[in-house]
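Spelled out, the chains give:
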Amino acid sequence: MSPQILNTAKPTPTPPPSSSPRHHASPPSPKLSRRAAAAAIAIAAAPALLSVSPASSKAEEEAVDAAAAAAPGPCVAELPVTAKAFLDVSIGGEPAGRITVGLFGDAAPAGASRFLSLVTGWEFVKIVPGYVQHAGVVSYPAVPAATDRLAAEADALLARCGGVVHGAAGAVSIVVRDPSLPPPKPKLVARGGKLEVEEEQVGVAPNGTEFVITTKEAPELDASAVLVGRVLDGMDVVEKIAAVPTVKDNAGSPYFRVAKLIGDKRAVVAERGFNRPYTKILVTNCGVLN
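Residues numbered from 1 in each chain as written. Predicted model: local features only at pLDDT ≥ 70, side-chain atom pairs only at ≥ 80, totals over all residues. Heavy atoms only, no water.

As for the overall build of the protein chain
Phase 1: Within the protein chain, the secondary structure is distributed over seven helices and 10 strands.
Phase 2: Sorting the 290 residues of the protein chain into buried and exposed places 32% on the buried side.
Phase 3: Within the protein chain, counting contacts between residues at least 6 apart in sequence, those at least 24 apart form 76% of the total.
Phase 4: Accessible surface, the protein chain as shown: approximately 18600 Å² in total, 59% of it carbon and sulfur. (Helix = DSSP H or I, 4+ residues; strand = E, 2+ residues; numbered from the N terminus. Buried < 20%, exposed > 50% of the residue type's maximum accessible area, 1.4 Å probe, protein only. Contact = heavy atoms within 4.5 Å. Areas by Shrake-Rupley, 256 points an atom, 1.4 Å probe, with all protein chains shown as cover.)

As for the side chain of His166
Phase 1: Looking at the secondary structure, you find His166 in the loop between helix 4 (144-160) and strand 5 (171-175).
Phase 2: Residue classification places His166 among the buried residues on the basis of a relative accessible area of 1%.
Phase 3: Within polar-contact distance, the side chain of His166 engages the side chain of Ser173 at 2.6 Å.
Phase 4: Once residues lying within four places of it in the same chain are set aside, the contact partners of His166 are Ala171, Ser173, Thr214, Glu217, Ala218, Pro219, Leu221, Asp222 and Ala225. (Polar contact = N/O pair within 3.5 Å; in protein donor to acceptor, adjacent residues only side chain to side chain.)

Some words on the packing of helix 3 (residues 109-117) against helix 4
Phase 1: Where helix 3 meets helix 4, the axes come as close as 8 Å, and the angle between the chain directions of the two elements is 125°. By the angle between their axes, helix 3 is oblique relative to helix 4. On the side of helix 3, the interface is formed by Pro109, Ala110, Gly111 and Arg114, while helix 4 contributes Ala146, Arg149, Leu150 and Glu153. (Axes fitted to C-alpha atoms, helices over the stretch in contact; angles between N-to-C directions. Parallel < 35°, antiparallel > 145°, perpendicular 65-115°, else oblique.)

A closer look at the sheet that holds strand 9 (residues 225-233)
Phase 1: With respect to topology, eight strands assemble into an open sheet ordered 3-4-8-5-9-2-1-10, the strand pairing being antiparallel. The sheet is open, and its two edges are formed by strand 3 (124-128) and strand 10 (281-289), each paired on a single side. Geometrically, the sheet is characterised by an average inter-axis angle of 30° between neighbouring strands, direction not taken into account.
Phase 2: Relative to strand 9, strand 5 runs antiparallel, the two being bridged by five bridges. Its bridge partner being in strand 9, Val175 is matched across the sheet by Ala225.
Phase 3: Running at roughly 85° to strand 5, helix 3 makes contact with strand 1 (83-91), strand 2 (94-103), strand 5, strand 8 (211-214), strand 9 and strand 10 of the sheet. (Pairing = 2+ DSSP bridges.)

Some points on the state of the cysteines
Phase 1: Evaluated as defined, the whole model comprises one disulfide.
Phase 2: Shown here is the disulfide that connects Cys75 with Cys161, its sulfur atoms set 1.9 Å apart. One end of the pair, Cys75, is in the loop between helix 2 (54-70) and strand 1; the other, Cys161, is in the loop between helix 4 and strand 5, and 86 residues separate them in sequence.
Phase 3: Accessibility expressed as a relative area gives 0% for Cys161, which makes it buried. (Disulfide = S-S within 2.5 Å.)

A word on the pairing of strand 3
Phase 1: Taking burial as the measure, the five residues of strand 3 include four buried ones, the bulk of the element.
Phase 2: Examined bridge by bridge, strand 3 and strand 4 (residues 131-134) share four bridges and lie antiparallel to one another. Counted as the bridge partner of Lys126 is Gln133 from strand 4.
Phase 3: Here strand 3 folds back onto strand 4, and the loop between the two strands holds two residues, one of which, Gly130, carries a positive phi near 120°.

In structure tokens, the structure reads:
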């Protein structure tokens, strides 16, 4: 079949065929495929359908209402700042800049107070996609009364924020739970010629002094940390910290999994080093701002 050629010459009046309806003269248009024609008809008909269909309008209103109900409440950006603290950071011995933190003393009074009492100079020891983590005070014991109160504030803020707290960069939180920490397991011990059953605590629970700063959305922190503030200035310094090379997390290796399963202490030591920066990241100066 030869390709169709459009005749651009002036048409000669001829009577229309009996099988074709009479048309007014109009410029020729390209032939549409069935799918394109159906799409064109749907697009042309859509405004009319929307204008005369109350059911569609009602459905749209219900969808908007549902979305508004599911939206998170006031959170990191809206919570009032009641105090400010600063952290001067060095990376590899070179000054990297200052991080200024605004604290939420009204929304998280125990958490904000704990953070202020611990601003004495620490080291960042963990960098993962989503946040950087500071070691806190290693010698600070975990006091159940204090950590329980911090955990209660974490739950209250989670409810207040619609189930999403660490949904953006710049959130500052104190770690109060370890979701991956297994429960204590019973073991038999021999004492005075008798066998006794006691519970062996696997791992060390957080003592409520380590803190994290998010570099992007980090929902895994919602179950383990209490929001105490946000970065007011110095996110560029946080990004510098996040860019420091770290020890590769090799937890997915079959050799590591087997070693961990059989209780090889080398696996435990190796796991402690995962995600640790190769370069020292220190808080060289810190304090409370007026």
